[in-house]
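One-letter residues, chain by chain:
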Amino acid sequence: MFKGILITKDEAGYHAAVQQIDDAVLPAGDVTVRVEWSTLNYKDGLALTGKSPVVRRFPMVPGIDFAGTVSESSDPAWKVGDRVVLNGWGVGETHCGGLAEVARVRGEWLVPLPAAFTTRQAMAIGTAGYTAMLCVLALEKHGIKPGDGEVLVTGANGGVGSVAIALLSRLGYTVVASTGRPAEAEHLKALGAAEVIDRSELSAPGKPIGKERWAGVVDTVGSQTLANACATTKYRGAVAACGLAGGMDFPATVAPFILRGVTLYGIDSVMAPLAVRQEAWARLARDLDIAKLDAITNEIGLAEAIDVGARLLEGKVRGRVVVDIRR
Ligand code: NDP
């Protein structure tokens, strides 16, 4: 038996609770990990509350990511004591996840934890921070340089947005942060934003094409915000779209793409190949300011995760939440 959150669904409804879980609940896998830290991402909020059908098998341990130490392995790539991090692959959705003391997974899903990070810091980064790095890599590979102009980050106070601001500013970009919480402007500036704008500037229906402003965009919001971001991106600029915090629709026209040569990159962290993950984690180790990461990290115990998951969906959580699995 081990402690964790278990989600069940039956005639009584959808239910998430901290409890002792039988080992038999764990799925097949060649590596068992003693989880030390997990975290709460937007998707974990959806899973814990049942607001979206993220969990597709029951009973399920939620948690789309974790960091910990290998306790058993029949995969020659991993040995007992190795420090590992896992993001995505359907963990916490179709395969038991990280919000429990023990996880059993396929060895090929694991990434060695960079020496620069503790398991707690790895989860302060979490899937949100790793996705922010994937967005930054997409803009970099497109060829956007700090001198090319402003880079917009939407959903700035969220997990992806906060880490994206810290990364981009460290790399020398001029970051404009868009937020619905202007009271947090000083915090966003401390993270590295040069300017903070109200998200209402981007969320109302706009023109198919507008005044050119952004060299690049990291968008976590989707919907009208993404459409407006594309419409105001500079000639041959790029937009990295990873989120839907404002909606799944995309009420845009092709004008920015065919008149300005704007490129829209879709960012997926869940099924990204191992080499992409390794590059992202190596770059996080090099480019993320740990002091800034610590400043956006809030710590909770496993028992608090269910309530905090609901608050996250309401946009009431700033930055990143790490979950201490042992308390
Ligand atoms: P958070 O909940 O931490 O942050 C989301 C932020 O979006 C909020 O803090 C808020 O920022 C803003 N926001 C919330 N509601 C709205 C709204 N109705 N309209 C406009 N802005 C809103 O989530 P994460 O940072 O973890 O994730 C952000 C998005 O990225 C989510 O949609 C998530 O599903 C997605 N994601 C995708 C991944 C992928 O692989 N593609 C991986 C990880 C996340 P503020 O208060 O500053 O306005």
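Just above, that's the structure.
Overview of the structure. (Residues numbered from 1 in each chain as written. Predicted model: local features only at pLDDT ≥ 70, side-chain atom pairs only at ≥ 80, totals over all residues. Heavy atoms only, no water.)

1. Remarks on the packing of aromatic side chains
Item 1. Across all of its chains, the model carries 4 aromatic pairs by this definition.
Item 2. Considering the side-chain rings of Tyr14 and Phe58, the 5.9 Å spacing of their centres and the 85° angle between planes classify their relative orientation as edge-to-face. Here Phe58 lies in the loop between α1 (42-49) and β4 (65-73) and Tyr14 lies in strand β2 (residues 13-21), a separation of 44 residues in the sequence.
Item 3. Where Phe117 meets Trp281, the ring centres are 6.2 Å apart and the plane angle is 75°; that geometry is what we call edge-to-face. With a gap of 164 residues between them, Phe117 in the loop between β7 (111-112) and α2 (119-142) and Trp281 in helix α8 (residues 274-287) connect regions that are remote in the sequence. (Phe/Tyr/Trp six-rings, centres within 6.5 Å; stacked < 30°, edge-to-face > 60°. Helix = DSSP H or I, 4+ residues; strand = E, 2+ residues; numbered from the N terminus.)

2. Brief notes about the side chain of Thr127
Item 1. Topologically, Thr127 is positioned in helix α2.
Item 2. Those residues within four positions of Thr127 in sequence are excluded, and the remaining contacts are Asn41, Ile64, Asp65, Asn87, Gly88, Ser269 and Arg320. (Contact = heavy atoms within 4.5 Å.)

3. What about the sheet that holds strand β8 (residues 150-154)?
Item 1. Pairing is parallel in the open sheet, where 6 strands are placed in the order β10-β9-β8-β11-β12-β13. Looking at the sheet topology across the chains shown, the edges are occupied by β10 (193-198) and β13 (263-266). Averaged over neighbouring strand pairs, the angle between their axes works out to 20° when direction is ignored.
Item 2. Examined bridge by bridge, β8 and strand β9 (residues 174-179) share 5 bridges and lie parallel to one another. Note that in β9 the partner of Glu150 across the bridge is Thr174.
Item 3. Set on the sheet, α2 makes contact with β8, β11 (214-219), β12 (233-241) and β13; between it and β12 the angle comes to about 150°.
Item 4. Lying on the sheet, helix α3 (residues 159-170) is in contact with β8, β9, β10 and β11; it crosses β8 at an angle near 165°. (Pairing = 2+ DSSP bridges. Axes fitted to C-alpha atoms, helices over the stretch in contact; angles between N-to-C directions.)

4. Quick word on the environment of Phe66
Item 1. Within the element layout of this structure, Phe66 appears in strand β4.
Item 2. Residue Phe66 is classed as buried on the basis of its relative accessible area, which comes to 0%.
Item 3. Sequence separation between Phe66 and Pro205 is 139 residues; the distance between their C-alpha atoms is 39 Å. (Buried < 20%, exposed > 50% of the residue type's maximum accessible area, 1.4 Å probe, protein only.)

Geometry only, nothing functional implied.
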